[in-house]
Amino acid sequence: MLPASKTKNEEQRIKDLLDYSILDTPNGSSYDDLTLLASKICQTPVAIISLVDRERQWFKSTIGLDAKETPREVSICGHAIHGKDMFIVPNTAQDERFADNPVVVGANIQFYAGAPLVSPNGNSIGTLCVVDFAPRELTEDQKIALAALSRQVMNLLELHRANIIEKERFKELEIASKTISENQAQLVNSSKMAEIGEMAAGIAHEVNNPLAIIVASADLLLGMSNEGDVPKEKFQKYLSNIITNSYRASKIILSLKTLSRNADQDPFVPVLVSDVLNETLDICTQRLKSNGVKLDVDVQDGIKFTGKQSQILQVLTNLLNNSYDAIQELEEKWIKITSFKENNEIVIQVTDSGSGIPAEILEKIMQPFFTTKSVTKGTGLGLSVSKRIIDSHKGQFLVDEKNKNTSFVIKLPCSI
Ligand SMILES: Nc1ncnc2c1ncn2[C@@H]1O[C@H](COP(=O)(O)OP(=O)(O)OP(=O)(O)O)[C@@H](O)[C@H]1O
Ligand SMILES: [Mg+2]
């Protein structure tokens, strides 16, 4: 017996075979159809799609044979893959390479014809073969048909590979899109944190004021408690001061909490415009007032939009901060916020005393990271994140270019 040896192009051949990721995959009906056709056309009891691995031949599909694989060195296919042409052994008993091959003898294989499965690189990775239990020949037509079927096996293998590549690409796309959403969420967060950072001094002031009043009132109450005959009204006045200012401090802290929380999972719900504006003002007013900015708020009563309160708070906070930055050096410093219902939409307009944004800057302001501020002052994310938030609300976020002052407009779906 002549054991099947490695081919000259063995490494390349194995690489081509492994590239198909087909070894040890379950049976497939399309492959079985081709072995069935091969056995019918060649009129043999056995037909096999055999793939020759490093040390074994593995059968992707068999007709008339139960085995799943055999060692490579006793395989006839191991000889067939040394070339690209059909390999025929008309009578194994008279062929010294196979006459005493234990598998050939054991299975009574007397006739073999194998059409190599040739990869696009020209390497034979296996065969489509037919086997008979008596010596015989194939007609020319049968040989032509077997060769044609072997090319169909290759087409199936190519399809299988394309499928796997497609699935991997899909997985990569899924991972990429997940990463993008995570990055976007981080952007929203970092822009939010930048807003909070920028306002830290104002916020400290905002919370400090009521605390100072609370401490002073408590001090006075303590003093009075030692004095004896203090009128009841005085006690009540200072106590009520303490309650009002505690309430104010807790409101500011609550607004800050709303601003910094992650709203990704929040539902879209009806939100009163006045509620979200009050929250915004809780955080921003002190900073504006202490820098001489006049604030004018005009909100139609009881109007509601459908959305996420904390995200709209974030948008409004950024708009107020942007206005504050833009008008800081101006002689006339004012910000006007108006909100009304129009055509089933809630319009919120933030206008400042600036005289509009120059065209060359205006075209870039919605781009992430575009900023005209110093590195420590602006990330350039505020407006792009705001636009993304309003888009996710199915609303509109625009600059009112007709206004002689700088004016941003938010339109949100109205809630009844
Ligand atoms: N009210 C405004 N008046 C004039 N220019 C403005 C106004 N609002 C925004 N801009 C311009 O648009 C740019 C981008 O604003 P955006 O809010 O996106 O980022 P930023 O304020 O620079 O940084 P941050 O990420 O901290 O918000 C600003 O740097 C500024 O040049
Ligand atoms: Mg900003």
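Being a predicted model, the structure only gives us computed values, none of them experimental. (Residues numbered from 1 in each chain as written. Chains lettered and ligands numbered in written order. Predicted model: local features only at pLDDT ≥ 70, side-chain atom pairs only at ≥ 80, totals over all residues. Heavy atoms only, no water.)

> Explain the overall build of the chain here, please?
Along the chain, the regular secondary structure elements total eleven helices and 13 strands. Computed over C-alpha atoms, the radius of gyration of the chain comes to 40 Å, more than 25% over the 22 Å expected from 2.2 N^0.38 for 416 residues, which places it beyond the range of a compact globule. A principal-axis box enclosing the C-alpha atoms of the chain has dimensions of 130 × 60 × 45 Å. Buried residues in the chain amount to 44% of all 416 residues. Across the chain, every contact between residues at least 6 apart in sequence was considered, and the portion connecting residues at least 24 apart equals 69%. (Helix = DSSP H or I, 4+ residues; strand = E, 2+ residues; numbered from the N terminus. Rg over C-alpha atoms; globule rule 2.2 N^0.38 Å. Buried < 20%, exposed > 50% of the residue type's maximum accessible area, 1.4 Å probe, protein only. Contact = heavy atoms within 4.5 Å.)

> Could you clarify how one ought to interpret the site of ligand 1 in this entry?
Neighbouring ligand 1 are 22 residues, the closest being Thr-371, Thr-372, Lys-373, Thr-379 and Leu-383. Within the side chain of Asn-318, one N or O atom sits 3.1 Å away from an oxygen atom of ligand 1. Asp-352 is positioned such that a nitrogen or oxygen atom in its side chain is 3.0 Å from a nitrogen atom of ligand 1. In isolation ligand 1 has 600 Å² of accessible area, and contact with the protein removes 94% of it. The site holding ligand 1 turns out to be the largest pocket. The leading source of residues in the shell around ligand 1 is helix H9 (residues 309-327), at four residues. For the shell around ligand 1, the residue count by class is seven nonpolar, ten polar and five charged. (Near = heavy atom within 4 Å. Polar contact = N/O pair within 3.5 Å; in protein donor to acceptor, adjacent residues only side chain to side chain. Areas by Shrake-Rupley, 256 points an atom, 1.4 Å probe, with all protein chains shown as cover. 1 Å grid on protein atoms, 1.4 Å probe; cavity = no way out; pocket = protein on both sides within 12 Å on 5 of 7 lines; lining within 4 Å. Sits in = over half its atoms within 2 Å of the grid points. Nonpolar A, V, L, I, M, F, W, Y, C, P; charged D, E, K, R; others polar.)

> Hey, could you run me through the coordination of the magnesium ion (ligand 2) in this one?
Each pair of donors in an ideal octahedron of six around a metal sits at 90 or 180 degrees, and each pair in an ideal tetrahedron of four sits at 109.5 degrees. Looking at the magnesium ion (ligand 2), one finds its protein donor set to be Asn-318 (OD1) and Asn-322 (OD1), positioned 2.2 to 2.3 Å from the metal centre. Placement of the pair is Asn-318 and Asn-322 together in helix H9, with a separation of four residues, close to one helical turn. (Donors = N, O, S within 2.8 Å, 3.2 Å for Na, K, Ca; no water.)

> Just to check I follow, could you spell out the pattern of salt bridges for this structure?
Side chains that differ in charge, positive against negative, can pair when their charged atoms come close. Evaluated as defined, the whole model comprises 17 salt bridges. Here Lys-143 and Glu-140 are joined by a salt bridge, their closest N and O atoms 3.3 Å apart. Of this pair, Lys-143 and Glu-140 both sit in helix H5 (residues 140-198), three residues apart, roughly one helical turn. Lys-143 sits in the partly exposed class, given a relative accessible area of 22%. When the shortest N-O distance is used, the salt bridge between Arg-169 and Glu-166 registers 4.0 Å. Residue Arg-169 and its partner Glu-166 are both found in helix H5; the two are separated by three residues, about one turn of the helix. Taking the relative accessible area as the measure of exposure, Arg-169 reaches 49% and is therefore partly exposed. Using a relative accessible area of 47% as the deciding quantity, one classes Glu-166 as partly exposed. Ionic contacts of the salt-bridge type, sharing partners, join the residues Lys-15, Asp-19, Glu-158 and Arg-161 into one network. (Salt bridge = Lys/Arg side-chain N within 4 Å of Asp/Glu carboxyl O.)

> Just checking my understanding: could you explain the side chain of Thr-338 for this structure?
Following the sequence through the fold, Thr-338 ends up in strand S10 (residues 334-342). Thr-338 has contacts with Asp-298, Val-347, Ile-348 and Gln-349, leaving out every residue within four places of it along the chain.

> Looking at this structure, I do not really get the packing of helix H8 (residues 273-289) against H9. What am I missing?
A pair of packed helices is characterised by two quantities: the angle between their axes and the separation of those axes. The geometry of H8 relative to H9 is characterised by a closest axis approach of 9 Å and an angle of 30° between their N-to-C directions. The orientation of H8 with respect to H9, classified from their angle, is roughly parallel. Handedness of the crossing formed by H8 with H9: right-handed. For the pair H8 and H9, the contacting residues are Asp-275, Val-276, Leu-277, Glu-279, Thr-280, Leu-281, Ile-283, Cys-284, Arg-287 and Leu-288 in the first and Gln-309, Ile-312, Leu-313, Leu-316, Thr-317, Leu-320, Asn-321, Tyr-324 and Asp-325 in the second. (Axes fitted to C-alpha atoms, helices over the stretch in contact; angles between N-to-C directions. Parallel < 35°, antiparallel > 145°, perpendicular 65-115°, else oblique. Left-handed = near helix turned anticlockwise from the far one by under 90°.)

> What is the right way to read the layout of surface pockets from this model?
Vacant regions in the atomic arrangement are exposed by a probe of water-molecule size rolled over the atoms. By volume, the largest pocket is sized at about 710 Å³. Taken together, 34 residues form the lining of the largest pocket, with Asn-322, Asp-325, Ala-326, Thr-372 and Lys-373 sitting closest to its centre. Sorting the residues of the lining of the largest pocket by element identifies H5, H9, helix H11 (382-392) and strand S13 (406-415) as the ones contributing at least two each. It is H9 that contributes the most residues to the lining of the largest pocket, six residues altogether. For the lining of the largest pocket, the class distribution of residues is eleven nonpolar, 16 polar and seven charged. Considering the residues around the second largest pocket, the lining is formed by 19 residues, among which Ile-48, Gln-57, Phe-59, Val-103 and Ile-109 are closest to the centre. Along the lines of polarity and charge, the residues of the lining of the second largest pocket split into 16 nonpolar, three polar and no charged. (Points joined across faces, edges and corners; volume = space filled by probe spheres on them.)

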